[in-house]
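Structural description and commentary
As a plain string of letters, each chain reads:
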Amino acid sequence: MKNLKGGTCMQNEVLNILNNYREKIKISRLQEMLKHQIFIAYIFKKNNFPFKNIKVSNFNIFKKDIYSCLNKNNFNEKFIMDNLQYLYDSAFYESNKNILDFLNRFDKYDLVSLETMFEFLLCHDFSKSNYYENMTSLELIKLIDLMTQNNVINNILDICSGYGNFLIYFTNNRNIKKSNGIELIPTTYFVSIERLIIRNSNSQIINDDALQQSLEANYDLVFCNHPWMLKYGNPIKKDKINMLDNIDMSKMRADWGFISKAINSTNENGKAFVLIPNGCLASINSNEKKIRKDIIENGLLEYVISMPNNTLNYTSAKYSMLVFSKGNDNITFVDATHCYKSSSKGREIDADRIFELINNSTNSNVKRPKLDEIRKKEYNLNVDTYFRKEIELPNAQSLKKYAELFRGYQYISKNDLELEPGKGEYSIVKIKDLDSNILKYDELSTMDLEPEKVNRFCLKDGDILITTKASILKIVLVENIQDRKVIPTGNLTVIRITNTGLNPTYLYTFLNGSVGNTIIQSLQTGSVIMNIPKKSLEDMKIPLLDKDTQEVICNKFKILNAELINLERKIKNIQNKITDIYSDEVGD
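This write-up is about the structure you can find in this document. (Residues numbered from 1 in each chain as written. Predicted model: local features only at pLDDT ≥ 70, side-chain atom pairs only at ≥ 80, totals over all residues. Heavy atoms only, no water.)

1. Focus on the packing of aromatic side chains
Evaluation of the coordinates by the stated rule reveals 18 aromatic pairs. Their ring planes at 75 degrees and their centres at 5.8 Å tell us that Tyr-88 and Tyr-93 sit as a pair that is edge-to-face. The exposure class of Tyr-93 is partly exposed, given its relative accessible area of 25%. Here Phe-166 and Phe-223 contribute two aromatic rings whose centre-to-centre distance is 5.1 Å and whose plane-to-plane angle is 20 degrees, an arrangement assigned as stacked. Within this pair, whereas Phe-166 is found in helix H8 (residues 165–173), its partner Phe-223 is found in strand E4 (residues 219–224), the two being separated by 57 residues in sequence. (Phe/Tyr/Trp six-rings, centres within 6.5 Å; stacked < 30°, edge-to-face > 60°. Buried < 20%, exposed > 50% of the residue type's maximum accessible area, 1.4 Å probe, protein only. Helix = DSSP H or I, 4+ residues; strand = E, 2+ residues; numbered from the N terminus.)

2. With respect to the pattern of salt bridges
Counted according to the given criterion, the structure contains 26 salt bridges. The salt bridge involving Glu-378 is made with Lys-289; its shortest N-O contact spans 3.7 Å. Taken together, the residues Glu-378 in the loop between helix H13 (371–376) and helix H14 (383–387) and Lys-289 in helix H11 (residues 286–297) connect sequence positions 89 residues apart. By relative accessible area, which is 22% here, Lys-289 ends up partly exposed. With a closest N to O distance of 2.9 Å, Lys-290 and Asp-294 form a salt bridge. With Lys-290 and Asp-294 both in helix H11 and four residues apart, the pair spans about one turn of that helix. Residue class for Lys-290 comes out partly exposed when judged on its relative accessible area of 40%. Owing to a relative accessible area of 17%, Asp-294 belongs among the buried residues under this scheme. (Salt bridge = Lys/Arg side-chain N within 4 Å of Asp/Glu carboxyl O.)

3. Digging into H8
Counting buried positions along H8 gives seven out of nine residues, so the element sits mostly inside the fold. All of the buried residues in H8 are Asn-165, Phe-166, Leu-167, Ile-168, Tyr-169, Phe-170 and Thr-171. In the core, the buried residues of H8 are packed alongside helix H7 (138–147), strand E1 (155–159), strand E2 (178–183), helix H9 (186–198), strand E3 (204–207) and E4. (Contact = heavy atoms within 4.5 Å.)

4. Quick notes on the sheet that holds strand E18 (residues 475–477)
The strand order across the open sheet built from four strands is E13-E20-E16-E18, with neighbouring strands paired in antiparallel fashion. Looking at which strands have only one partner, the edges of the open sheet turn out to be strand E13 (403–407) and E18. Strand-to-strand twist across the sheet, computed as the mean angle between neighbouring axes with direction ignored, equals 20 degrees. Two elements, E13 and strand E20 (residues 492–497), share five bridges in a ladder whose sense is antiparallel. Residue pairing for E20: Phe-406 is matched across the bridge by Val-494. Helix-sheet contacts for helix H16 (residues 504–511) involve strand E16 (464–467), E18 and E20, and the interaxial angle to E18 is about 160 degrees. (Pairing = 2+ DSSP bridges. Axes fitted to C-alpha atoms, helices over the stretch in contact; angles between N-to-C directions.)

Structure below.
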């Protein structure tokens, strides 16, 4: 196994331990043990307790010694005192219940060095396990700092506070009187308390579910980076002041519950900053749409900032930052997707460039649409919606006037046994089968299914298949199906022409072209797995040209498509010949 490498002697001390013991102990566990032991070393060192007198092998003696170094009148230190058994077990007991003690190795380091080592362990994910989701990006925090530099910030709240980056930054850089956080995950919470003590922060974090907290509207600044796209199901606890109507979490994603908490906890002049996946911004869910409407109509939304892709180390989902405050007459939409810089950990946002962009109202990446336009777009908050140029189509018609649309068969793998090609009665078309311009029927998986359940899903010549729940857009025209029984899966939508005024091949060439693709992509919702709502597809405008023009386009497509198929066959033949060069020349 490749050794981990560092730079300073303090980093090397930590890495030497990790490298020496990683074969015996899972590295994520070892990393946690080291954090706790460095914290303990810090407490003893701060109180000048001789390391040679520390008795790790006896919990009662250890408890007595560390009690003498902690202040029960300090909120965070009192928590450690109340949970010493957990600290002791987490710090010293490895998986085989053997005590592993590194404390004497830390005796030679001063307090600053121990703090540096603790931070080094926090900022590096040696186990590659989405560790960074507990660490809010400093560039992101800097951006919030810049955007609130003219605001009086006395009281701050971090909902889902992780390791406390946001709280520590603002208590160090602003004149903060009250600094609070809420963190649900116990292990993360415990480490955040250790960190606050080491950083000498007066912030207070509670270990609880933020949606079950009744929050007061007394914060000047609120930040929330919650777990995205969760289904919560339980009623959320009402806050002291509720700016929005009652939210039924059983009918929507939890993102809007966290947003309501952030809004309800800001005071009259306060601001709340929330990170949210773009998939939530344009959802057609009626309950989510109503919340977006209430937020906008009540003047609670100030900014929607589309953030650069791949700038959160733990997800590739596209996301935005919503900025909430009271009394807004308009909303500023900012396309900041280009405002990033490279770092040793990959991409990160460029706070200075985004702040400069936000303050330049004449920039083409900043727009303030009128409220009527937002209403017309059904309170869609996706930034792309307001920067996309409207495409004018000749004789534009709604697709639903000329075709019916239906989703494919949603089979259950544990109930419906999948068979090899040709073995079952029904062939199954999956997303992966749409990689070519034509369906290769002899390569499709098959199943034996109940006819009364699946016959209505069987494809016909002229049907168009489109991926409506996938990470990539694919479109295929069904041809030469003959007497085969072929059904698509539920991730695909079938467009079946019902009006002779629309040629299926013509529609396919339009949808699969650059203009059609752009229109379809504008209908997509979701962050990683893109979803195209059936209603949006039905309402989509298509250019209905006269039959003669449609026929000309179809003939051109057929000629070019035939050439493409021939080229693919030639390429396959050449590949086979290359594979067989040796055996043809030398023999088996």
